[in-house]
Amino acid sequence: GAGVSQSPSNKVTEKGKDVELRCDPISGHTALYWYRQSLGQGLEFLIYFQGNSAPDKSGLPSDRFSAERTGGSVSTLTIQRTQQEDSAVYLCASSKGGSYLYEQYFGPGTRLTVT
Amino acid sequence: QKEVEQNSGPLSVPEGAIASLNCTYSDRGSQSFFWYRQYSGKSPELIMFIYSNGDKEDGRFTAQLNKASQYVSLLIRDSQPSDSATYLCAAFFGNEKLTFGTGTRLTIIP
């Protein structure tokens, strides 16, 4: 079946501009995660959505970052007033939830470059 | 601070040999552990998970968990050049999200 999809695959933006990154999880997956991976670094957790519960925003690095998930499916990560340190690959993952919560399946990522 | 530690490598193993990847974690209460494979320029792919002490085998892969030593490992038998990748260890610390290590880069030498 279809996996997690993300768009755009690459985004180049000027410092100070806002960007929106989209994630479409696997159909039927109730949990959705956003991560950031900088060059040569591990995965940095950003935000987690589970069903209709309030999202866990504990990993968002600043108030310039926000995310929403509409209808329990598609999610959008928004970065306002982008900075050069925001350059990274932004990865989305989804899981079935419940006892499968931690078996996460990743999308291909969006490579963000802030110039 | 709950952490997952991995040797960043690179780890070089001859083709056909056993590759052994190791991971330690800081929280004795951790219950679930995961191994992801990440090819260069690609996203992580879940390859193994283990919840109980002991060994879990899946094809050429074996995950080993020792909760007393807070240690989890991944063995790859009959290593192939296609196994060359970065391997990420992750643990669940009870806060509904995984904590990832920084990964070990594995190179299989033909």
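About the thresholds
Residues numbered from 1 in each chain as written. Chains lettered and ligands numbered in written order. Predicted model: local features only at pLDDT ≥ 70, side-chain atom pairs only at ≥ 80, totals over all residues. Heavy atoms only, no water. Buried < 20%, exposed > 50% of the residue type's maximum accessible area, 1.4 Å probe, protein only. Helix = DSSP H or I, 4+ residues; strand = E, 2+ residues; numbered from the N terminus. Pairing = 2+ DSSP bridges. Lys, Arg positive; Asp, Glu negative; His and termini not counted. Salt bridge = Lys/Arg side-chain N within 4 Å of Asp/Glu carboxyl O. Polar contact = N/O pair within 3.5 Å; in protein donor to acceptor, adjacent residues only side chain to side chain. Contact = heavy atoms within 4.5 Å. Buried area = accessible area lost by both parts, 1.4 Å probe. Phe/Tyr/Trp six-rings, centres within 6.5 Å; stacked < 30°, edge-to-face > 60°. Lys NZ or Arg CZ within 6 Å of the ring centre and 35° of its normal. Disulfide = S-S within 2.5 Å.

Residues and elements named next belong to chain A. Of all seven residues making up strand β4 (residues 31-37), seven are buried, and the element is well covered by its neighbours. Burial of β4 is two-sided: the residues Ala 31, Tyr 33, Tyr 35 and Gln 37 facing one way and the residues Leu 32, Trp 34 and Arg 36 facing the other way are all buried. As defined by bridge partners, β4 adjoins strand β5 (residues 43-50) across seven bridges and the pair is classed as antiparallel. Looking at β5, one finds that Gln 37 is bridged to Leu 43. Once β4 ends, the chain turns through five residues before running back antiparallel as β5, passing Gly 40 with a positive phi of about 75°. Judged from the seven bridges that link them, β4 and strand β8 (residues 88-95) form a sheet pairing that is antiparallel. When the sheet's bridge partners are listed, Ala 31 is paired in β8 with Ser 95.

On to the side chain of A:Glu103, then. Among the secondary structure elements, A:Glu103 is positioned in the loop between β8 and β9 (105-106). The buried charged residue A:Glu103 lacks any salt bridge partner; its closest oppositely charged side chain belongs to A:Lys96, at an N-O distance of 6.8 Å. At 3.1 Å, the side chain of A:Glu103 and the side chain of B:Tyr51 are in polar contact. The residues contacting A:Glu103, other than those within four sequence positions of it, are A:Ser94, A:Ser95, B:Phe34, B:Tyr36, B:Leu46, B:Phe49 and B:Tyr51.

Accessible area lost upon the coming together of the parts is a frequently used measure of interface size. Taken residue by residue, the interface counts 19 residues in chain A and 17 residues in chain B. Summing both partners gives a buried area of about 1500 Å² for chain A against chain B, and 59% of it is carried by carbon and sulfur. On inspection of chain A and its partner chain B, the count reaches zero salt bridges. Counting the contacts that link chain A with chain B gives four residue pairs in polar contact (both at pLDDT 80 or more).

Our focus in this paragraph is the packing of aromatic side chains. What the rule picks out here adds up to 12 aromatic pairs over all chains. Where A:Phe106 meets B:Phe100, the ring centres are 6.2 Å apart and the plane angle is 75°; that geometry is what we call edge-to-face. With A:Phe106 in strand β9 and B:Phe100 in strand β10 (residues 98-100), this residue pair bridges two chains. As far as burial versus exposure is concerned, A:Phe106 and B:Phe100 are alike and both buried. The interplanar angle of 70° and the centroid separation of 6.1 Å between the aromatic rings of B:Phe34 and B:Tyr51 together place this pair among those described as edge-to-face. Of this pair, B:Phe34 sits in strand β4 (residues 32-38) while B:Tyr51 sits in the loop between β5 (45-50) and β6 (54-58), placing them 17 residues apart in sequence. Classification of B:Tyr51 as partly exposed rests on a relative accessible area of 31%. Put simply, the rings of A:Tyr33, A:Tyr35, A:Phe45, A:Tyr48, A:Phe106, B:Tyr36 and B:Phe100 pair up and form one aromatic cluster. For the cation-ring pair, B:Lys56 lies above B:Phe49, with the distance from its terminal atom to the ring centre recorded as 3.6 Å. Directly above the aromatic system of B:Phe61 lies the positively charged group of B:Arg60, at a separation of 5.7 Å from the ring centroid.

We now examine the state of the cysteines. All names here are of chain A. Under the definition given, this model contains two disulfides over all chains. For Cys 23, the disulfide goes to Cys 92, at an S-S distance of 1.8 Å. As the torsion about the S-S bond is roughly -60°, the Cys 23-Cys 92 disulfide counts as left-handed. With a gap of 69 residues between them, Cys 23 in strand β3 (residues 19-24) and Cys 92 in strand β8 connect regions that are remote in the sequence. Neither residue differs from the other here; Cys 23 and Cys 92 are each classed as buried.

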